[in-house]
Every structure is written in C-alpha cells, then in structure tokens.
Amino acid sequence: MFISEKEIEIRYAETDQMGVVYHANYLVWMEIGRTSLIQDLGFTYAGLEAEGYLSPVIDLSIQYKAAMRYGQKATVRTWVESHGKLRTVYGYEILHEDGTVAATATSEHILVKRESFRPVSLRKIDPAWDAKYMEICRVTD
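Structure report, in brief. In this text, all values refer to a predicted model and were calculated from it rather than measured experimentally.

1. Points about helix H1 (residues 25-40)
Phase 1 of the analysis: Its 16 residues give H1 an end-to-end C-alpha distance of 22 Å, which sits within 8% of 22 Å, the value for a rise of 1.5 Å per residue.
Phase 2 of the analysis: When H1 is considered as a whole, its buried residues turn out to be Asn25, Tyr26, Trp29, Met30, Gly33, Arg34, Ser36, Leu37 and Ile38.
Phase 3 of the analysis: Taken from the residues just after H1, Gly42 is the one with a positive phi, measuring 95°.

2. Some words on unusual backbone geometry
Phase 1 of the analysis: Residues other than glycine seldom take positive phi values, yet Phe117 does so here, at roughly 60°.
Phase 2 of the analysis: Relative to the elements of secondary structure, Phe117 occurs in the loop between strand E7 (112-113) and helix H3 (122-125).

3. Description of a nonpolar patch on the surface
Phase 1 of the analysis: A surface patch of nonpolar side chains, amounting to about 230 Å² of accessible area, comprises Leu27, Val57 and Leu60.
Phase 2 of the analysis: Take Val57: it is sitting in strand E3 (residues 57-64).
Phase 3 of the analysis: With a relative accessible area of 48%, Val57 lands in the partly exposed category.

4. Examining helix H4 (residues 127-136)
Phase 1 of the analysis: Restricting attention to buried positions, one finds in H4 the residues Trp129, Asp130, Tyr133 and Ile136. Angular distribution of buried residues about the axis of H4 spans 140°; they occupy a single face of the element. Along H4, the residues that are exposed and aim more than 90 degrees away from the buried face are Pro127 and Glu135.
Phase 2 of the analysis: In this fold, the buried residues of H4 make contact with H1, helix H2 (45-50), strand E4 (73-83), strand E5 (87-95) and H3.

5. Details of the environment of Met30
Phase 1 of the analysis: Secondary-structure assignment places Met30 in helix H1.
Phase 2 of the analysis: Taking the relative accessible area as the measure of exposure, Met30 reaches 3% and is therefore buried.
Phase 3 of the analysis: C-alpha separation for the pair Met30 and Val76, spaced 46 residues apart in sequence, amounts to 7.0 Å.
Phase 4 of the analysis: Dropping the residues within four chain positions of it, Met30 is found in contact with Leu60, Ile62, Tyr92, Ile94, Ala105, Thr106 and Ser107.

Conventions used here
- Residues numbered from 1 in each chain as written.
- Predicted model: local features only at pLDDT ≥ 70, side-chain atom pairs only at ≥ 80, totals over all residues.
- Heavy atoms only, no water.
- Helix = DSSP H or I, 4+ residues; strand = E, 2+ residues; numbered from the N terminus.
- Expected span 1.5 Å × (residues − 1).
- Buried < 20%, exposed > 50% of the residue type's maximum accessible area, 1.4 Å probe, protein only.
- Patch = residues over 30% accessible without salt bridge, like charges linked within 9 Å, V, L, I, M, F, W, Y side chains within 5 Å.
- Areas by Shrake-Rupley, 256 points an atom, 1.4 Å probe, with all protein chains shown as cover.
- Salt bridge = Lys/Arg side-chain N within 4 Å of Asp/Glu carboxyl O.
- Arc of directions from axis to C-beta.
- Contact = heavy atoms within 4.5 Å.

Listed below in structure tokens is the structure:
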C-alpha cells in the first residue's frame with residue numbers, strides 16, 4: 001500500500017476560540033493530502049479538470065482523536081483505501097509530531113463530466129491512473 005505524507009504547519013488562523021484547530025480545517029488538510037498523493041503518483045488533479053472532469057466528494061467520515069494547536073506541525077498521511085469502477089475512497093491519518101493520531105478519516109469520490117455531472121470511469125479517461133490506483137489500493141472492490 002502506497003502512503004503519501006504531507007507536513008502542515010498549523011497557523012493561528014486555523015484555530016478557534018479555545019485555541020485548538022477548528023474542525024473544518026482538517027477537511028482542508030485532507031484535500032491537501034489527496035492532491036499530494038495524486039502528485040506523488042505522477043498525475044495532477046488540475047490536469048483532470050483541464051480535460052473537463054471533476055471529482056466531487058459524495059461521502060465523508062472523520063473521527064477526531066486528539067486536539068491540535070497553533071504552532072504545532074501536523075502530518076497528513078493519505079492512501080487509496082478502495083478503488084472501483086466509479087468510486088474511489090481515500091483514507092487519511094492526521095498525526096501530531098510525536099506520532100499521536102489527531103484524526104482519522106475517509107472521503108469517497110466519484111468522477112464526473114463537468115458539463116453534465118454524469119459519472120464516468122477513470123479507466124475510460126486515464127487507464128494508467130486507474131491501473132495505478134488498482135495497484136496501490138488497500139482494499140479491492
């Protein structure tokens with residue numbers, strides 16, 4: 001299983017009134033992790049969009065384990081949990097510098113044509129990308 005890692009420096013603007021990272025910022029970090037994973041594999045999400053495709057989130061699950069604070073560094077670990085004909089599930093761990101798990105999550109995505117929002121298979125538009133996801137996914141559909 002291939003895992004991409006991306007370090008995030010936590011900014012003051014990402015914290016709430018209690019001094020901890022506001023919960024929605026974890027979603028932003030997950031997107032950074034997903035984009036980093038795609039780049040680490042040699043592909044680009046921007047290239048997919050330029051060809052007229054989008055990859056909307058259709059399901060999201062996150063479990064918060066240990067608060068993070070301003071001045072800390074988070075590591076976002078991202079992998080392909082499962083990849084099927086139309087759906088891809090990404091897995092995430094967000095870690096403190098000492099390795100303590102701050103959050104775990106999954107996001108489920110489909111690929112659609114921009115103009116119609118009709119689902120399309122990654123296999124049809126980029127067979128190499130599809131094959132790479134099949135090779136590295138943790139769970140086979």
